[in-house]
Amino acid sequence: MTATLAVNRITLTGFRNYAQLRLDTGAGSVVLTGPNGAGKTNLLEAVSLLAPGRGLRGAPFDELVRQGDAGWAVAAELEAATGPVKLGTAYSLSDGTGEAAGRQVTVDGLAQKGSGSLGHHTRILWLTPAMDRLFAGPASDRRRFLDRLVLAFDPDHSTRVLGFEKAMRERNRLLAEPHADASWLSGLEVELAARGVAVAAARLAAIDTLRGYAGKPTESGGKPSHFPWVMLTCEGEVESLILAMPAVQAEDQYRKMLHDSRRADAGAGRTLIGPHRSDLSVTHGPKDMPARLCSTGEQKALLIGIVLAHARAVKAGFGGLAPILLLDEVAAHLDAGRRHGLYGELEGLGGQVWMTGTDRSLFEGAGPGATIYDVNHGAIAVHGS
Amino acid sequence: MSRRITGPEIERLIQLLARLPGLGPRSARRAALHLVKNREKLLGPLAASLKETEEKVLVCSSCGGIDTVDPCTICTDDRRDASIICVVEEVGDLWALERAGALNALYHVLGGTLSAIEGVGPDDLNIPSLISRCGPGSPVKEVIIAVNATVEGQATAHYITDRLKDFDLTVSRLAHGVPVGGELDYLDEGTLSAAMRQRRPF
């Protein structure tokens, strides 16, 4: 038995529709079935909070509090890269005594500063129905998707993005003033350029890695997949600069561009050039067609293909440990052939997978290691027990 | 609401202690209990010391540091090299550098960093006084900018550098890079590329 990354036990308190729940899953995969509104996705969301960030819905933490409760908590025992580890995260609403509301994160009982340190123990990737419009929707969604991909390779990426956004907010605010100090602006632009180039370079590096797993099969040498191969690029001014010249030079160039666009930026009330405007472009490989023009079913297949390729790439870069995958309502949209193809690829990946669906019959062939649970109104039982 | 376990005076002491950095309600209670138990050895001297500090504490009109005399002990120390000024964000940073004993120079405390969002501009910091300390006729030959490697800190560093560029002095800043005892493999790309950019001959 090879080492795996898996949630062995998870305990939820006051979380969404769960007053109290303990689930001993073991290292095997988990299939959650039940009617709409039973709380299947809520459980996946709880698992997703064991990774850095705001979880798979990206919801504000106070919305996760069960009605009538003062806060929520998610505790889990995992088999992680570093051995068994206990992760905990909790949030309490402001109780009116002046103690601010906030999220706490613990690793083996020790309080952590922020959720970033979770990234050193887990890799959790997800696919949700909300991502179905990724290719046709706004570029900001694709950028966020891309940044999550990068984050799984490189836990420090979020710090870089936050630093860039902070410098940008400072500059935007300064530009809004009638006589903005030119020296101050230059100082911020130096910072903005350094951090912006770092953000763009990390994205390009991640896409480059991903190409080896999601790109044309003959190039990657992998097995033919049930999901179409893709062409991935990150489009943006700063990305183009990095591809054309050394990073230090790109930094200078971007700084000059910022300097020259002060007037335009002040007029627009925002920064017009930078990696915060970049877009992830995805092309259906075999059809040579932009993803947004593909059929709904094809778009879903493309997305699954990217997530699976990403999982394989993360596995290769994370000591051979496959990431935990959370697939919300994925099976329902696939024809039988692709569904079994998906289960086959998941088994090949060898990691723990959490899947949800309303119909139990969809999960036939989901693998011998998977346990099927019935979810009903915040209660969970092993199917057939 | 929990029941009260001590009189209002001790409750007040606990509440005040809990507002100190690094102390939460629990450790404040423990500190208060320790003080009360050691009334003569600790509580009395502490109270006297607090009172005395409150009466005498001053901000140095030259460097912005904190002392009980103005100009401060550092500014009036003639064994220090007055041709070098080290610029820091806060008094805590000055103390950290002094603990390290890394240099024998004068300091200048900015009192924060530039932040457009928080409405902190150059005139809200001790920047004008730094400029006048470096003006014509001053003995200053070098200004070392020792601010934090944060967005605001570095933007402030660039700003000061720009304001001092016409003066006849060297502006330097702390090196960014490999920490003492650090291993390259564990460094993030930003730190590594900064270290590479700022490499120097052996």
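Residues numbered from 1 in each chain as written. Chains lettered and ligands numbered in written order. Predicted model: local features only at pLDDT ≥ 70, side-chain atom pairs only at ≥ 80, totals over all residues. Heavy atoms only, no water.

## Quick look at the overall build of chain B
When you go through chain B residue by residue, the secondary structure sums to seven helices and six strands. Secondary structure elements of chain B, listed N to C terminal, follow the sequence α-α-α-β-β-β-α-β-α-β-α-β-α. Its C-alpha radius of gyration of 22 Å places chain B more than 25% over the 17 Å reference for a compact globule of 202 residues. If you line up chain B on its principal axes, its C-alpha atoms span 65 × 45 × 35 Å. In chain B, which comprises 202 residues, the proportion classed as buried is 32%. Partitioning the intrachain contacts of chain B with sequence separation of at least 6 by distance along the chain shows that 46% fall at a separation of at least 24. (Helix = DSSP H or I, 4+ residues; strand = E, 2+ residues; numbered from the N terminus. Rg over C-alpha atoms; globule rule 2.2 N^0.38 Å. Buried < 20%, exposed > 50% of the residue type's maximum accessible area, 1.4 Å probe, protein only. Contact = heavy atoms within 4.5 Å.)

## A few points about the interface of chain A and chain B
Contacts between the two partners involve 20 residues from chain A and, on the opposite side, 19 residues from chain B. Looking at the side of chain A facing chain B, the largest losses of area belong to Glu170, Ser183 and Trp184 of chain A, adding up to 35% of the total buried there. On the surface where chain A and chain B come into contact, there are two salt bridges. For glutamate 152 of chain B, the salt bridge identified is with lysine 166 of chain A, shortest N-O distance 3.0 Å. Viewed at the interface, chain B and chain A are joined by six residue pairs in polar contact (both at pLDDT 80 or more). If you list the elements that add at least two residues to the side of chain A that touches chain B, you get helix H3 (157-175), helix H4 (182-214) and helix H7 (247-260) of chain A. Looking at the side of chain A that touches chain B, the element that brings in the most residues is H3 of chain A, giving eight residues. (Buried area = accessible area lost by both parts, 1.4 Å probe. Salt bridge = Lys/Arg side-chain N within 4 Å of Asp/Glu carboxyl O. Polar contact = N/O pair within 3.5 Å; in protein donor to acceptor, adjacent residues only side chain to side chain.)

## Thoughts on H3 of chain A
For H3 of chain A, built from 19 residues, the straight-helix expectation of 27 Å at 1.5 Å per residue is met to within 8% by its first-to-last C-alpha distance of 27 Å. His157, Arg160, Val161, Gly163, Phe164, Ala167, Met168, Glu170, Arg171, Asn172, Leu174 and Leu175 of chain A are the residues of H3 of chain A that are buried. Looking at the buried side of H3 of chain A, the elements it contacts are helix H2 (139-153), H4, H7 and helix H8 (262-268) of chain A together with helix H6 (151-163) and helix H7 (189-197) of chain B. (Expected span 1.5 Å × (residues − 1).)

## Notes on the environment of cysteine 134 of chain B
Residues and elements named next belong to chain B. Residue placement: cysteine 134 occurs in the loop between helix H5 (127-133) and strand E5 (142-145). What makes cysteine 134 buried here is its relative accessible area of 4%. Sequence-wise, cysteine 134 and leucine 187 are 53 residues apart; in three dimensions their C-alpha atoms are separated by 37 Å. The residues contacting cysteine 134, other than those within four sequence positions of it, are Val140, Val143, Leu164, Phe167 and Leu169.

## Some remarks on the sheet that holds strand E3 (residues 81-88) of chain B
All names here are of chain B. One open sheet holds the four strands; their spatial order is E4-E3-E5-E6, and the pairing between them is parallel. Every other strand in the sheet has two partners, leaving strand E4 (105-109) and strand E6 (170-173) as the edge strands with one partner each. Geometrically, the sheet is characterised by an average inter-axis angle of 25° between neighbouring strands, direction not taken into account. Two elements, E3 and E4, share five bridges in a ladder whose sense is parallel. Looking at the pairing, aspartate 81 lines up with alanine 105 of E4. In the packing of helix H4 (residues 91-100) onto the sheet, the strands contacted are E3 and E4, and the crossing angle to E4 comes to about 160°. (Pairing = 2+ DSSP bridges. Axes fitted to C-alpha atoms, helices over the stretch in contact; angles between N-to-C directions.)

## Quick word on the environment of cysteine 60 of chain B
Residue and element names in this part refer to chain B. Relative to the assigned elements, cysteine 60 resides in the loop between strand E1 (58-59) and strand E2 (66-67). Assessed through its relative accessible area of 3%, cysteine 60 is described here as buried. Separated by 14 residues in the primary sequence, cysteine 60 and isoleucine 74 have C-alpha atoms spaced 9.7 Å apart. Among all residues touching cysteine 60, those that are not within four sequence positions of it are Gly65, Asp70, Pro71, Cys72 and Cys75.

## Comments concerning the sheet that holds strand E10 (residues 279-284) of chain A
All names here are of chain A. Taken in spatial order, the three strands line up as E9-E10-E11 in an open sheet, and their pairing is antiparallel. The sheet is open, and its two borders are formed by strand E9 (230-235) and strand E11 (289-290), each paired with just one other strand. Where E10 meets E11, two bridges bridge the pair, whose relative direction is antiparallel. Across the sheet, residue histidine 284 finds its bridge partner in E11, namely methionine 289. Contacts between H4 and the sheet are confined to E9 and E10, with E9 contributing the most and set at about 175° to the helix.

## Overview of the packing of aromatic side chains
All names here are of chain A. The full count for this structure, using the stated rule, is four aromatic pairs over all chains. Taking the centre distance of 5.8 Å and the plane angle of 65° together, the rings of phenylalanine 61 and tryptophan 72 count as edge-to-face. Of this pair, phenylalanine 61 sits in the loop between helix H1 (40-48) and strand E4 (71-80) while tryptophan 72 sits in strand E4, placing them eleven residues apart in sequence. Take phenylalanine 61: its relative accessible area is 11%, and that puts it in the buried class. Tryptophan 72 sits in the buried class, given a relative accessible area of 2%. Look at phenylalanine 61 and tyrosine 91: their rings are 5.8 Å apart centre to centre, the planes differ by 50°, and that puts the pair in the tilted class. Of the two residues, phenylalanine 61 is situated in the loop between H1 and E4 and tyrosine 91 in strand E5 (residues 83-92); the sequence distance between them amounts to 30 residues. Accessibility classification places phenylalanine 61 together with tyrosine 91 in one group, the buried group. Connected via pairs of aromatic rings, a cluster forms that spans Phe15, Phe61, Trp72 and Tyr91. (Phe/Tyr/Trp six-rings, centres within 6.5 Å; stacked < 30°, edge-to-face > 60°.)

## Description of the packing of helix H9 (residues 296-317) of chain A against helix H10 (residues 336-349) of chain A
All names here are of chain A. Across the interface, H9 lies against H10 with an axial gap of 11 Å and an inter-helix angle of 10°. If you check the angle between H9 and H10, you find them roughly parallel. Along the contact surface, H9 presents Gly297, Glu298, Ala301, Ile304, Leu308, Ala311, Arg312 and Lys315, while H10 presents Arg338, Leu342, Glu345, Leu346, Gly348 and Leu349. Taken together, the residues that form the contact of H9 with H10 break down as seven nonpolar, two polar and five charged. (Parallel < 35°, antiparallel > 145°, perpendicular 65-115°, else oblique. Nonpolar A, V, L, I, M, F, W, Y, C, P; charged D, E, K, R; others polar.)

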